[in-house]
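Okay, here's what each chain looks like letter by letter:
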Amino acid sequence: MGIKTIEVFYNVNRIPDMQPGDWDAAMDFRDAAMTLIEEALMEARAGEWEGAEIGSNPATGEPEVNFGFAVSDFDKAEALVRKAVKGTRYERIREIMRREVEMEPQAIH
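Criteria and thresholds
- Think of each chain on its own: its residues are numbered from 1, step by step along the sequence as written.
- Totals for whole chains, interfaces and linings use all residues, but because this is a predicted model, local features are given only for residues with pLDDT of at least 70 and pairs of side-chain atoms are given and counted only at 80 or more.
- Side-chain metrics in this entry use all non-hydrogen atoms of the structure; hydrogen atoms and water are not considered.
- Helix and strand definitions follow DSSP, with helices as H or I runs of at least four residues and strands as E runs of at least two, each counted in order from the N terminus.
- Note on aromatic contacts: the rings of Phe and Tyr and the six-membered ring of Trp form a pair at centre separations within 6.5 Å, being stacked when their planes are under 30 degrees apart, edge-to-face when over 60 apart, and tilted otherwise.
- A simple rule labels every residue: compare its accessible area, found with a 1.4 Å probe on the protein chains alone, to the largest value its type can have, and call it buried under 20%, exposed over 50%, or partly exposed in between.
- Under the convention used throughout, the expected extent of a helix is 1.5 Å for every residue step, that is, one less than its residue count.
- Each direction from the helix axis to a C-beta atom contributes to the arc, which is the arc of those directions.
- Note on contacts: a residue pair is in contact if any heavy atoms of the two residues lie within 4.5 Å.
- In this description, a nonpolar core means a group of buried Ala, Val, Leu, Ile, Met, Phe, Trp, Tyr and Cys residues linked to one another through side-chain atoms lying within 4.5 Å.
- DSSP calls a pair of strands paired once it identifies at least 2 bridges connecting them.

A. Layout of the environment of Pro16. As for its placement among the helices and strands, Pro16 is situated in the loop between β1 (2-11) and α1 (23-43). Each C-alpha atom of the pair Pro16 and Phe29 lies 9.7 Å from the other, and the pair is 13 residues apart in sequence.

B. Region of interest: the environment of Thr35. Mapping Thr35 onto the fold places it in helix α1. Residues Thr35 and Trp49, spaced 14 residues apart in sequence, show a C-alpha to C-alpha distance of 9.2 Å.

C. Seen up close, the packing of aromatic side chains. Going through the model one piece at a time under the given rule, you end up with four aromatic pairs. Note on Tyr10 and Phe29: the rings are 5.0 Å apart at their centroids and 85° apart in plane angle, and the pair reads as edge-to-face. Of the two residues, Tyr10 is situated in strand β1 and Phe29 in helix α1; the sequence distance between them amounts to 19 residues. Neither residue differs from the other here; Tyr10 and Phe29 are each classed as buried. Measuring from ring centre to ring centre gives 6.3 Å for Tyr10 and Phe67, while their planes differ by 35°; the resulting arrangement is tilted. Of this pair, Tyr10 sits in strand β1 while Phe67 is found in strand β3 (residues 63-71), placing the two residues 57 residues apart along the sequence. Classification of Tyr10 by relative accessible area gives buried; the value is 1%. A network of ring pairs unites the aromatic residues Tyr10, Phe29, Phe67, Phe69 and Tyr90 as a single cluster.

D. Summary view of helix α2 (residues 74-85). Between its first and last C-alpha atoms α2 spans 17 Å; for twelve residues at 1.5 Å apiece the expected length is 16 Å, and the two agree. Of the positions making up α2, those classed as buried are Phe74, Ala77, Glu78, Leu80, Val81, Ala84 and Val85. Within α2, the buried residues cover an arc of 160° as seen down the axis, which keeps them to one side. Seen from the open side of α2, the exposed residues pointing more than 90 degrees away from its buried face are Asp75 and Lys83. Where the residues of α2 are buried, they touch β1, α1, β3 and β4 (95-102).

E. Quick look at the nonpolar core. Core analysis: the largest hydrophobic core is formed by 25 residues, its most contacted members being Ile6, Tyr10, Ile37, Phe67 and Phe69. When contributions to this core are tallied by element, the ones reaching two or more residues are β1, α1, β3 and α2. Counting residues per element, this core draws most heavily on α1, which supplies six residues. The residues contacting Tyr10, other than those within four sequence positions of it, are Phe29, Ala33, Ile37, Pro63, Glu64, Val65, Phe67, Val85, Tyr90, Arg92, Ile93 and Arg94.

F. Fine view of the pairing of strand β2 (residues 47-56). Pairing of β2 with β3 involves nine bridges; the strand directions are antiparallel. Across the sheet, residue Glu53 finds its bridge partner in β3, namely Asn66.

Structure below.
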């Protein structure tokens, strides 16, 4: 059995009305987007918050914020994310990354 997660990424420099280098505003944006999406996933019983980060894109060096959720169905969760942010200032998602990690069965002693 595997654990499925999605991670939502935003480029900080592409956040509407964001001033370069304003990390406090970037974290406020991230937290508000995360709350909006978390509420949609929880209401649909489709996902649960896992964590959040702020840093830079390894490929480009561009500042980014991201957060993730454990989900049961990738397609359903991604559709809920996109629906939750449609028409809001959180609509400019750079990427939604899907990950699945297979878990090794544990022996019971």
